[in-house]
Amino acid sequence: QEKLVESGGGLVQPGGSLKLSCATSGFNFDIYAMGWFRRAPGKASELVAAISSNADNSYYIDAVKGRFTITRDNDLNTLYLEMNDLGPEDTALYSCAKSQGTVFSLAPTCYCSWGQGTQVTVTS
């Protein structure tokens with residue numbers, strides 16, 4: 001019933017930019033905080049960025065702060081992640097997820113719905 005579909009990934013050179021999208025359906029998008037996770041090869045999944053339901057608060061891990069921007073369009077039920085100055089360390093499968101309520105959580109177990117992800121590869 002609940003569906004999240006990521007898009008916008010691809011192959012980019014170091015220093016390049018990408019904007020990921022997460023189109024959602026099947027739930028009231030505007031009352032849920034959302035987050036972006038990434039999983040690099042051989043590493044555990046990590047929360048990259050999160051945003052509250054009304055976009056009045058956001059979170060970024062130190063590794064991406066200043067380079068990534070999480071936004072949302074509640075009229076379109078869509079979540080975005082703009083990524084700038086990409087480096088090889090950003091290579092991963094990026095997935096969007098729905099949090100438990102209006103305020104986002106930093107605990108992965110609090111995100112109950114997930115998309116299948118979109119691949120981002122940064123290489124020379």
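As the structure is a computational prediction, the values presented were derived from the model and not from experiment.

This part takes up the packing of aromatic side chains. Tallied over the full model, the rule gives five aromatic pairs. For the ring pair Phe 37 and Trp 114, a centre distance of 4.5 Å and an interplane angle of 50 degrees mean the geometry is tilted. In this pair, Phe 37 sits in strand E4 (residues 34-39) while Trp 114 sits in strand E10 (residues 113-114), placing the two residues 77 residues apart along the sequence. Here a set of aromatic residues connected by ring pairs shows up, and it is made of Phe 27, Phe 29 and Tyr 32. The side chain of Lys 19 reaches across the aromatic face of Tyr 80, ending 4.9 Å from its centre.

A few words on the state of the cysteines. Per the counting criterion, the structure on display carries one disulfide. Here Cys 22 pairs with Cys 96 through a disulfide, and the sulfurs are 1.9 Å apart. One quick way to see it: the torsion about the S-S bond of Cys 22 and Cys 96 is about 60 degrees, and its sign makes the bridge right-handed. With a gap of 74 residues between them, Cys 22 in strand E3 (residues 18-25) and Cys 96 in strand E9 (residues 92-98) connect regions that are remote in the sequence. For the pair Cys 22 and Cys 96, one class covers both residues: buried. Here Cys 110 stays unpaired: no disulfide links it, and the sulfur of Cys 112, its closest cysteine neighbor, is 9.4 Å away. Note on Cys 110: relative accessible area 27%, which makes it partly exposed.

We now examine unusual backbone geometry. The phi dihedral of Ala 55 is positive, around 65 degrees, even though this residue is not glycine. Within the fold, Ala 55 resides in the loop between strand E5 (46-51) and strand E6 (58-60). Residue Ala 55 is classed as partly exposed on the basis of its relative accessible area of 43%. Of note, the phi angle at Asp 85 is positive, near 50 degrees, even though the residue is not glycine. Here Asp 85 lies in the loop between strand E8 (78-83) and E9.

Among the nonpolar cores identified, the biggest contains 28 residues, and Trp 36, Phe 68, Ile 70, Leu 79, Leu 81, Met 83 and Tyr 94 are the most heavily contacted of them. Listed by contribution, the elements that provide at least two residues to this core are E3, E4, E5, strand E7 (68-73), E8, E9 and strand E11 (118-122). Setting aside residues up to four positions removed in sequence, Met 83 forms contacts with Gly 16, Ser 17, Leu 18, Leu 20, Arg 67, Phe 68, Tyr 94 and Val 120. Residues Leu 47, Ala 50, Ala 97 and Phe 104 belong to the second largest nonpolar core, which totals seven residues.

The subject of this paragraph is the pairing of E11. Every second residue of E11 is oriented toward a common face, the buried set being Thr 118, Val 120 and Val 122 and the non-buried set Gln 119 and Thr 121. By the bridge criterion, three bridges tie strand E2 (residues 10-12) to E11 in an arrangement that is parallel. By the bridge assignment for E11, Leu 11 is matched with Thr 121. With three bridges joining them, E9 and E11 adopt antiparallel strand pairing. Within the sheet, the bridge partner assigned to Tyr 94 lies in E11 and is Thr 118.

What counts as what
- Every chain is numbered on its own, with residues counted from 1 as its sequence reads.
- Totals for whole chains, interfaces and linings use every residue, but because this is a predicted model, local features are given only for residues with pLDDT of at least 70 and side-chain atom pairs only at 80 or more, for both listing and counting.
- To obtain the side-chain values, all non-hydrogen atoms of the structure were included, while hydrogens and water were left out.
- The aromatic pairing rule takes the rings of Phe, Tyr and Trp, using the six-membered ring of Trp, and pairs them if the centres are within 6.5 Å, calling planes under 30 degrees apart stacked, those over 60 edge-to-face and the rest tilted.
- Put simply, DSSP marks the helices as runs of H or I at least four residues long and the strands as runs of E at least two long, and each gets a number from the N terminus on.
- Whether a charge sits over a ring comes down to the Lys NZ or Arg CZ being within 6 Å of the ring centre and within 35 degrees of the ring normal.
- The disulfide criterion used throughout: a pair of cysteine sulfur atoms within 2.5 Å.
- Buried means the residue's accessible area, taken with a 1.4 Å probe over protein chains only, is under 20% of the maximum for its type, while exposed means over 50%, and partly exposed covers the values in between.
- The nonpolar core is taken to be a set of buried Ala, Val, Leu, Ile, Met, Phe, Trp, Tyr and Cys residues, with the residues joined through side-chain atoms within 4.5 Å.
- Two residues qualify as a contact provided that any one of their heavy atoms is within 4.5 Å of a heavy atom in the partner residue.
- In this description, strands pair whenever DSSP reports at least two bridges between them.

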